[in-house]
Amino acid sequence: MYSIKRRLTYSVISMSLFFMVIALYFSYQSSHHEVYEVYDARLGQTAKLFLSTLASENDTLDVNYVQKRLEHWMAQIRALSDGQNKSTTYGHTYEENILIRIYRNNRIIWDSQPQIGELPHSPSFSGFGYASLGNQTWRYFQLQDISHSGEQSKSYIIVAEKESIREEMMTELALSGLLPQVVLILCIAFLLYWLIERSFKPISELKFAITQRNINKLDEISVSRSTEELSPLVDALNSLLYELDNAWKREKRFTRMAAHELKTPLAVLRLNAENALRSRNQDELQNDLERILQGIERSDRLIQQLLTLARIESVHELHFSPIELQSLIRSTISDLVPLALKKNQDLSFVGNESFVEGDESFLRLLFTNLIDNAIRYSGNNSKITVNIVNGEEFVDVYVSDTGADVSEETRLKLFESFYRSNREKGDGAGLGLAITRDIVDLHNGIVEFLPRNEGRNTFLVQLKRLNRYSLD
């Protein structure tokens, strides 16, 4: 499976190795060039020194004596080195890899390595060149002597060195530089791995934290070190977990509510149905059937309220638009007038044109619940008033009735789900005001049950006012 950390580690280390190899290659080439220049300069200097010392035609130097001394020293070097490449009191065994020959009249008058055969060359040549002798390649420098009169004499010198010595030197230099580079590469590779592992630690923590979450554990995720890259992801995950936890709680609450509230109506329906089956006359049967219909109506209302509550609690986005409250409340009242007429109630409305921003279907349900609650529980011949008051920032909607006073205990629990203070009145499930509260919260408004004043119970709904001129 694709791994970002593994690929990043391999890519960075491979790239570092590649550039280090390139650097080593150019370093080797540069060192190779410099070493060749130094070695060639040494050949040139040696040739000039020996030619000026031994090859002059007018000198009185005993060449044979010098030759014998050189052969003696070389023999001592071989004896003391015991066939190994090392330093002795007479010099180093590597001197056998250097060849110095002085020619006069095309005849060798001085030779540092007599045992080596003739090195192929041209007597008239001057400068640097390569020559093969046996299975060895030699790098040599040939220099012509100049007589005292300034003319070219018949003497010249050849100073040569085995090419293998140079290559061996270059290999040794490369290896001596390579070892620290290899150690450096290993250290850098380890450091890169450690840094990447450390940098990815918050991701590993986040991964572990996510694996610990399940439907029964949806608490907030946190990492020890917050980073700019992970913070938005962690915030998004926590927001998602929060919503998921709320949704799960709502589902469990809804299930418990439905199971609890439907159990009693269904038991009553079953009892009434059994009584109807045992009825002995038409009046008893009629009475049982009416109770069954009432139970069905109450169950239907309960189910509708449960579904409405679940819809409101699970909503994520409201379809906000400018709403004219006067028209909306008038329309709502007109739908509820038949219920008020059955109880001889006086239902009135006072208000001017008012605009708010909200979801029309939810706002209609909000005021339907409040007015319906007043109709159901204020009693016969009561007066119910809906009044709109426009303020500078808010629109206040008052729904009041002349029903009986409400106890302090009831006031504290009025907006709780399934709370019913007057079970003998109405067929509600105690969800209407809870739904009202949730709708107001979704619109960032306020709903209150005000203290009784002038013999009236009053609900206040306060919503943010929308200036009419801002609609143009």
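Residues numbered from 1 in each chain as written. Predicted model: local features only at pLDDT ≥ 70, side-chain atom pairs only at ≥ 80, totals over all residues. Heavy atoms only, no water.

**Student:** Explanation requested: the overall build of the protein chain in the structure shown.
**Tutor:** Per the secondary structure count, the protein chain includes 10 helices and 14 strands. Considering only residue pairs separated by 6 or more positions, the protein chain has 65% of its internal contacts joining residues 24 or more positions apart. Counting only carbon and sulfur atoms, one obtains 55% of the accessible surface of the protein chain, whose full area is about 28900 Å². (Helix = DSSP H or I, 4+ residues; strand = E, 2+ residues; numbered from the N terminus. Contact = heavy atoms within 4.5 Å. Areas by Shrake-Rupley, 256 points an atom, 1.4 Å probe, with all protein chains shown as cover.)

**Student:** Honestly, the pattern of salt bridges in this entry has me stumped. Any pointers?
**Tutor:** When their charged atoms lie close together, side chains carrying opposite charge are able to pair. Counting across every chain of the model gives 9 salt bridges. Across the pair Arg270 and Glu274 runs a salt bridge, and its minimum N-O distance is 3.4 Å. One end of the pair is Arg270 and the other is Glu274, both in helix H5 (residues 230–278) and 4 residues apart, which spans about a single turn. Judged by relative accessible area, which is 58%, Arg270 ranks as exposed. Given the relative accessible area of 29%, Glu274 is considered partly exposed. Each of Arg213, Lys217 and Asp219 takes part in one network of salt bridges that share partners. (Salt bridge = Lys/Arg side-chain N within 4 Å of Asp/Glu carboxyl O. Buried < 20%, exposed > 50% of the residue type's maximum accessible area, 1.4 Å probe, protein only.)

**Student:** Would you take a moment to explain helix H8 (residues 360–377) for this structure?
**Tutor:** The periodicity of an α-helix, 3.6 residues per turn, causes residues three or four places apart in sequence to face the same way. With 18 residues, H8 should cover 26 Å at 1.5 Å per step; its first-to-last C-alpha distance of 26 Å lies within 8% of that length. Taken from the residues just after H8, Gly379 is the one with a positive phi, measuring 95 degrees. (Expected span 1.5 Å × (residues − 1).)

**Student:** What's the story with the nonpolar core in this structure? I'm lost.
**Tutor:** A general tendency of soluble globular proteins is for nonpolar side chains to be buried together. Counting residues in each nonpolar core, the largest one holds 35 residues, and the members touching the most others are Ile329, Leu366, Phe367, Ile371, Val386, Val397 and Val461. Counting only elements with at least two residues in this core, the list comes to helix H7 (325–342), strand E9 (346–350), H8, strand E11 (383–390), strand E12 (394–401), helix H10 (432–442), strand E13 (446–453) and strand E14 (456–464). At 8 residues, the largest contribution of residues to this core is made by H8. Those residues in contact with Val397, other than ones at most four positions away along the chain, are Leu325, Ile329, Phe367, Val386, Asn387, Ile388, Phe459, Leu460 and Val461. If you look at the next biggest cluster of nonpolar residues, it comprises 12 residues, including Leu51, Leu70, Ile109 and Ile157. (Core = buried A, V, L, I, M, F, W, Y, C linked by side-chain atoms within 4.5 Å.)

**Student:** What exactly am I supposed to notice about the confidence of the model for the protein chain here?
**Tutor:** Segments scoring low in pLDDT should not have their predicted coordinates read at a detailed level. Per-residue confidence for the protein chain gives a mean pLDDT of 79; residues scoring 70 or more make up 84%. Scored below 50 in pLDDT, residues 423–427 shows 6 contacts in the model against residues more than four places distant or in partner chains. (pLDDT = per-residue confidence, 0-100.)

**Student:** What is the right way to look at a nonpolar patch on the surface in this model?
**Tutor:** Where nonpolar side chains cluster on the molecular surface, the patch consists of Met15, Phe18, Phe19, Ile22, Tyr25 and Phe26 and spans about 670 Å² of accessible area. In this fold, Phe18 is placed in helix H1 (residues 4–54). (Patch = residues over 30% accessible without salt bridge, like charges linked within 9 Å, V, L, I, M, F, W, Y side chains within 5 Å.)

**Student:** Would you mind going over the sheet that holds E9 with me for this structure?
**Tutor:** Hydrogen bonds between backbone atoms are what pair the strands of a sheet, whose relative direction is either parallel or antiparallel. With mixed pairing, the 5 strands of this open sheet are ordered in space as E9-E11-E12-E14-E13. Of all strands in the sheet, those bounded by a partner on one side alone are E9 and E13. Taking each pair of neighbouring strands and ignoring which way they run, the sheet shows an average axis angle of 15 degrees. For E13 and E14, the ladder comprises 6 bridges, and the chain directions are antiparallel. The residue of E14 that forms the bridge with Phe449 is Phe459. Together, E9, E11 and E12 form the strand contacts of H7, whose direction differs from that of E9 by roughly 175 degrees. (Pairing = 2+ DSSP bridges. Axes fitted to C-alpha atoms, helices over the stretch in contact; angles between N-to-C directions.)

**Student:** How should I be thinking about the packing of aromatic side chains in this particular structure?
**Tutor:** What characterises a pair of aromatic rings is the spacing of the ring centres plus the angle enclosed by the ring planes. Evaluation of the coordinates by the stated rule reveals 6 aromatic pairs. Centre to centre, the rings of Phe128 and Phe141 are 4.6 Å apart; their planes meet at 40 degrees, and the pair counts as tilted. Here Phe141 lies in strand E6 (residues 136–146) and Phe128 lies in strand E5 (residues 127–133), a separation of 13 residues in the sequence. The exposure class of Phe128 is partly exposed, given its relative accessible area of 36%. The class for Phe141 is buried, based on a relative accessible area of 8%. Geometrically, the ring pair formed by Phe449 and Phe459 is tilted, given 4.7 Å between the ring centres and 45 degrees between the ring planes. You can see Phe449 sitting in strand E13 and its partner Phe459 sitting in strand E14, a full 10 residues away along the chain. Across the pair, Phe459 and Phe449 agree in class, each one buried. Of note, Arg42 hangs over the ring of Tyr39, and the distance from its end group to the ring centre comes to 4.8 Å. Between Lys464 and the ring centre of Phe394, over which it is positioned, the NZ or CZ distance is 5.5 Å. (Phe/Tyr/Trp six-rings, centres within 6.5 Å; stacked < 30°, edge-to-face > 60°. Lys NZ or Arg CZ within 6 Å of the ring centre and 35° of its normal.)

**Student:** Which parts of the structure should I look at to understand empty space enclosed by the protein?
**Tutor:** Over the atoms rolls a probe the size of a water molecule, and in doing so it shows where empty space is left. Going through the model one piece at a time under the given rule, you end up with 1 cavity of 30 Å³ or more. Taken as a whole, the largest cavity spans an internal volume of roughly 30 Å³. Around the largest cavity, the lining residues are Ile13, Ser16, Leu17, Met20, Ile185, Ile188 and Ala189. Where the lining of the largest cavity is concerned, the elements lending two or more residues are H1 and helix H3 (163–199). Sorting elements by how many residues they give to the lining of the largest cavity places H1 first, with 4 residues. For the lining of the largest cavity, the class distribution of residues is 6 nonpolar, 1 polar and no charged. (1 Å grid on protein atoms, 1.4 Å probe; cavity = no way out; pocket = protein on both sides within 12 Å on 5 of 7 lines; lining within 4 Å. Points joined across faces, edges and corners; volume = space filled by probe spheres on them. Nonpolar A, V, L, I, M, F, W, Y, C, P; charged D, E, K, R; others polar.)

**Student:** I keep staring at the side chain of Gln113 and nothing clicks. Help me out?
**Tutor:** With respect to the helices and strands, Gln113 occurs in the loop between strand E4 (107–111) and E5. A relative accessible area of 1% places Gln113 in the buried class. Apart from residues lying up to four places away in sequence, Gln113 is in contact with Met74, Glu95, Glu96, Ile98, Leu99 and Arg101.

**Student:** How do you make sense of the pairing of E4 when you look at a structure like this?
**Tutor:** Successive residues of a regular strand alternate their side chains across the two faces of the sheet. Here strand E3 (residues 98–104) runs beside E4; their pairing, made up of 4 bridges, is antiparallel. Paired with Ile102 across the two strands is Trp110, which belongs to E4. Counted between consecutive antiparallel strands, the loop separating E3 from E4 contains 2 residues, among which Asn105 sits at a positive phi close to 55 degrees.

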